[in-house]
Amino acid sequence: MRLIFLGAPGAGKGTQARALAAQQGIPQIATGDMLREAVAKGSRLGTEAKAYMDRGALVPDEVVVGLVAERLGRSDTKPGFILDGFPRTVVQAEALERLLKEREIEVDRVVFFDVSEGELLRRLTGRRVCRGCGATYHVVFSPPERAGKCDRCGGELYQRDDDSEATVRRRLVVYTEQTSPLLDYYQSRGLLARVAGEGSPEEIGRAVVRAVRGR
Ligand code: AP5
Ligand code: MG
Ligand code: ZN
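Structure report, in brief. As the structure is a prediction and not an experimental result, all values here were calculated from the model.

### Description of the packing of helix H4 (residues 61-72) against helix H5 (residues 90-102)
- For the pair H4 and H5, the least separation of the axes is 10 Å and the interaxial angle reads 25 degrees. One element, H4, and the other, H5, form an angle in the roughly parallel class. In terms of crossing hand, the pair formed by H4 and H5 is right-handed. Across from Asp61, Val64, Val65, Ala69 and Leu72 in H4, the residues of H5 making contact are Val91, Gln92, Ala95, Leu96, Leu99 and Leu100.
- Classifying every residue of the contact of H4 with H5 by side-chain character gives nine nonpolar, one polar and one charged.

### Topic: the pattern of salt bridges
- Counting across every chain of the model gives 15 salt bridges.
- Arg123 is the partner of Glu119 in a salt bridge, and the nearest nitrogen-oxygen pair spans 2.9 Å. Highlighted residues: Glu119 and Arg123, both in helix H6 (residues 117-125), separated by four residues, approximately one helical turn. An identical accessibility class is assigned to Glu119 and Arg123; each is buried.
- In this structure, the salt-bridge partner of Arg171 is Asp162, at a minimum N-O distance of 3.7 Å. The same class applies to Arg171 as to Asp162, namely buried.

Criteria and thresholds
- Residues numbered from 1 in each chain as written.
- Chains lettered and ligands numbered in written order.
- Predicted model: local features only at pLDDT ≥ 70, side-chain atom pairs only at ≥ 80, totals over all residues.
- Heavy atoms only, no water.
- Axes fitted to C-alpha atoms, helices over the stretch in contact; angles between N-to-C directions.
- Helix = DSSP H or I, 4+ residues; strand = E, 2+ residues; numbered from the N terminus.
- Parallel < 35°, antiparallel > 145°, perpendicular 65-115°, else oblique.
- Left-handed = near helix turned anticlockwise from the far one by under 90°.
- Contact = heavy atoms within 4.5 Å.
- Nonpolar A, V, L, I, M, F, W, Y, C, P; charged D, E, K, R; others polar.
- Salt bridge = Lys/Arg side-chain N within 4 Å of Asp/Glu carboxyl O.
- Buried < 20%, exposed > 50% of the residue type's maximum accessible area, 1.4 Å probe, protein only.

Pasting the structure below:
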């Protein structure tokens, strides 16, 4: 099972990818998470990436493609993978196609999460993430049992630096300009499956499974 999860910031890619990857025993490859790890470590790559991320801009294609190429080379991707937040530009999609071709594999399905802009804003500005295990919460839609603490590991919950309203608006513009052309790109290759991204996470999870099987 080799999948791409596509959608605007806040569409629920991470929430759904995490659940499906755990259920299927395949890795979730989230470039945003990988970049945030690099930032937390203070590596050179992290320092370079942070300047783009804080502005809500995309990190340069060659940087992200390099990260993904290295990650796909690891053996845990053999049974499959879910790419979450990559590719995000046509240049990245073309690079991915080349990477997979070298390995003589193909993407099975591209799942697009369709969510309205008002809902995206509500989700992102209320999101909280666990510093310990990366679990995602929402102050209204999926609050933790104890405010500020992760239900699963007790870790501290924080708000991502790029989840302020101004940066979220910028990310949405960047999505429309640079990422939404991928809908046509994958539609024309017969790979795109559209999932209504509003509803309970469980309902959406079932729609994803149907979309993935319906091939
Ligand atoms: P990245 O981390 O990928 O962020 P994003 O694409 O902007 O998407 P998000 O993670 O914000 O949203 P999501 O769809 O995962 O939603 P989630 O499930 O968390 O990228 C961050 C930055 O890194 C970029 O801006 C860029 O700078 C850089 N970057 C990353 N990849 C790159 C690439 N390929 N190329 C270049 N640069 C790159 O859900 C959101 C919230 O909604 C949560 O609070 C959640 O609890 C809640 N929620 C989820 N589902 C539901 C539901 N069904 N109902 C109600 N609430 C829900
Ligand atoms: Mg995410
Ligand atoms: Zn946690």
